[in-house]
Amino acid sequence: MNHLLTGWRKALAATACALACIGLAHADKYPAKPIKLVIPYAPGGSTDQIGRLVAKELAERLGQPLVVENRLGAGGTIGQEFVAKAPADGYTLLFSAAGPLSVTPHIYPNLSYDPIKAFEPITLVATQPLLLVVKPSLQARSVAELIAQAKSQPGRLSYASFGNGSAAHLAGEYFKSLTQTDMVHVPYKGSGPALVDLVAGQVDLMFDVFSTAAPLVKGDKLRALAITSTERSPQFPQVPTMQQAGVPGFEAGTWFGLLAPTGTPKTVVARLSQEVNAALQSKELRDVLAAQGASVRGGSPDDFRTYFLAEYSKWGNIVKAAGITNN
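What counts, and where the lines are drawn
- Each chain carries its own residue numbering, running from 1 in the written order of its sequence.
- In keeping with the predicted nature of the model, local features appear solely for residues at pLDDT of at least 70, side-chain atom pairs appear and are counted solely at 80 or more, and the whole-chain, interface and lining totals rest on all residues.
- The side-chain figures draw on all heavy atoms in the structure; neither hydrogens nor water molecules are used.
- The criterion for strand pairing is that DSSP finds at least two bridges linking the strands in question.
- Helical segments are the DSSP runs of H or I of at least four residues, strand segments are the runs of E of at least two, and each set is numbered from the N terminus.
- Note on classification: 1.4 Å probe, protein chains only; a residue is buried when its accessible area is under 20% of the maximum for its type, exposed when over 50%, partly exposed between these limits.
- The angle between two axes is taken between their N-to-C directions and runs from 0 to 180 degrees, where each axis is a line fitted to C-alpha atoms and a helix contributes only its stretch in contact.
- Any two residues whose heavy atoms approach within 4.5 Å are treated as being in contact.
- In this context, the arc is that of the directions from the helix axis out to the C-beta atoms.
- The predictor's confidence in any single residue is recorded as pLDDT, a number from 0 to 100.
- Take the buried Ala, Val, Leu, Ile, Met, Phe, Trp, Tyr and Cys residues and link them wherever side-chain atoms come within 4.5 Å; each set so joined is a nonpolar core.
- In the cavity and pocket records, a cavity denotes points on a 1 Å grid over the protein atoms alone where a 1.4 Å probe fits but cannot get out, a pocket denotes an open set with protein on both sides within 12 Å along at least 5 of 7 lines, and lining residues are residues with an atom within 4 Å of a point.
- Grid points are joined across faces, edges and corners, and a volume is the space filled by probe spheres set on the points.

J.: How do you make sense of the pairing of strand β7 (residues 184-187) when you look at a structure like this?
T.: For a regular strand, side-chain orientation follows a simple rule: the groups alternate between the two sheet faces. Summarising the sheet, strand β6 (residues 158-161) and β7 pair through four bridges and their orientation is parallel. Bridging across to β7, Ser161 finds its partner in Pro187.

J.: Mind showing me how you'd approach the environment of Thr306 here?
T.: With respect to the element layout, Thr306 can be found in helix α12 (residues 301-322). Residues Thr306 and Pro121 lie 185 residues apart in sequence; the distance between their C-alpha atoms is 9.5 Å.

J.: When you look at the pairing of strand β9 (residues 223-227) in this model, what are you seeing that I'm missing?
T.: Of all five residues in β9, five are buried, a share of seventy percent or more. As judged from the four bridges shared by strand β5 (residues 130-134) and β9, these two strands associate in the antiparallel manner. Within β9, the position partnered with Leu131 by the bridge is Ile227.

J.: Can you help me understand the sheet that holds β5 in this one?
T.: Strand pairing in a sheet relies on backbone hydrogen bonds, with the paired strands running either antiparallel or parallel. Here we have five strands laid out as an open sheet, ordered β7-β6-β8-β5-β9, and mixed in their pairing. Taken across any chain shown, the strands that pair with only one partner, and hence form the sheet edges, are β7 and β9. Within the sheet, the average angular offset between the axes of one strand and its neighbour, ignoring direction, is 30°. The strands touched by helix α6 (residues 143-152) are β5, β8 (205-209) and β9; relative to β9, the strand with the most contacts, the crossing angle is about 100°.

J.: What's the story with helix α8 (residues 191-199) in this structure? I'm lost.
T.: Residues lying three or four places apart along an α-helix face the same way, a consequence of the helix completing one turn every 3.6 residues. Regarding α8, the residues found buried are Ser191, Ala194, Leu195 and Leu198. Each buried residue of α8 sits inside an arc of 95° when the element is viewed along its axis, so together they form one side. Within two residues after α8, Gly201 carries a phi angle of roughly 85°, on the positive side.

J.: I would appreciate a short explanation of the confidence of the model for the chain in the present structure.
T.: One rule of thumb: low pLDDT means the predicted coordinates there are not for detailed reading. In this model, the chain carries an average pLDDT of 90, and 91% of its residues clear a pLDDT of 70 or more. Every residue in residues 15-25 is under pLDDT 50, and counting partners more than four places away or in other chains gives two contacts.

J.: Would you mind showing me how to read the nonpolar core here?
T.: It is characteristic of soluble globular proteins that their nonpolar side chains tend to be buried jointly. If you look at the biggest cluster of nonpolar residues, it comprises 32 residues, and the most contacted ones within it are Val143, Leu146, Phe175, Met242 and Phe250. Among the elements of the structure, α4 (98-107), β5, α6, α7 (167-179), β8, β9 and α12 are those that each provide at least two residues to this core. Other than its neighbours up to four places away in sequence, Met242 contacts Leu132, Val143, Phe175, Phe207, Ala226, Ile227, Thr228, Val247 and Phe250. Membership of the second largest hydrophobic core comes to 29 residues, among which are Tyr30, Val125, Ala260 and Leu280.

J.: How do you make sense of the environment of Leu198 when you look at a structure like this?
T.: With respect to the helices and strands, the residue Leu198 is situated in helix α8. Here Leu198 is in contact with Val133, Val134, Lys135, Val203, Asp204, Leu205, Met206 and Leu222, once residues within four sequence places are set aside.

J.: Is there a simple way to explain the layout of surface pockets in this structure?
T.: There is about 950 Å³ of room inside the largest pocket. The wall of the largest pocket is formed by 45 residues, among which Tyr41, Gly99, Phe162, Ser166 and Ala167 lie closest to the centre. At the level of secondary structure, the elements contributing two or more residues to the lining of the largest pocket comprise α2 (46-62), α4, α7, β8, α9 (210-218) and β10 (254-261). It is α4 that contributes the most residues to the lining of the largest pocket, five residues altogether. In this structure, the second largest pocket occupies an estimated 470 Å³ of space. Around the second largest pocket, the lining is made up of 26 residues, and of these Thr127, Pro129, Ser229, Gly293 and Ser295 lie nearest the centre.

Structure below.
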């Protein structure tokens, strides 16, 4: 009997060794052909710009082209669904942002995939804060004054967003929740139209992505009251964080990361993460991120998974509390 157990254990050890060798061999050969990088947004936006730079740097490091494919629509879910159902071999990857991964799934409850189960996080590339900006004629000159004005005039102030369920919308709802204020949400089809009306004074305030709000602040078209990151921006050192401005615990914005279909070999995920972290040292990529007010992140797949799960839970709770739907 002991002889049989010993033989069985040896067989298991040999099988495990063989599987490990296969995995290592796969990693050594990977990539053996071009890789498709799916971006679930239209060309030209922040996600697309950063994703294409990451693709360029990875292609140089991996020795194979990364072919970018923009599959947009339905709040980013069309592109993500495509990757979720792709072969888990490391040759179809997803470069996505906070909205489609941690917000949209709560707004579209009948998705054909679960982002938590469908994707293998590889690396968190960057985070980008929002700026709380107000129309020049608004009486409030600080966040404290804005809160006081909102409380003295419930339902009178309006805040714009670049779409229902967008980062700007969720930040507004988060602000209302933490400050116990009542403001009216006015959704627009994109940041551009929202900012036009904000500058014209048709709406009162907005949480907008740094890259589009910053030029208007610098040009004195809008006034920035706070930034939603935990640290001040080098471009606006005079603008306090939301927490410094008197809203404890407030942190919001968007983020960008690289993911693969669940089941992608761990050795491939590890290789990709290693190369992305190396690519994040690129001056060109860092300069683009800095210009957009974004911070380079990096880290391991486990780091990204932990961050992703926390964001998914946080924004899911806010969506539920605010009763946000895709209608």
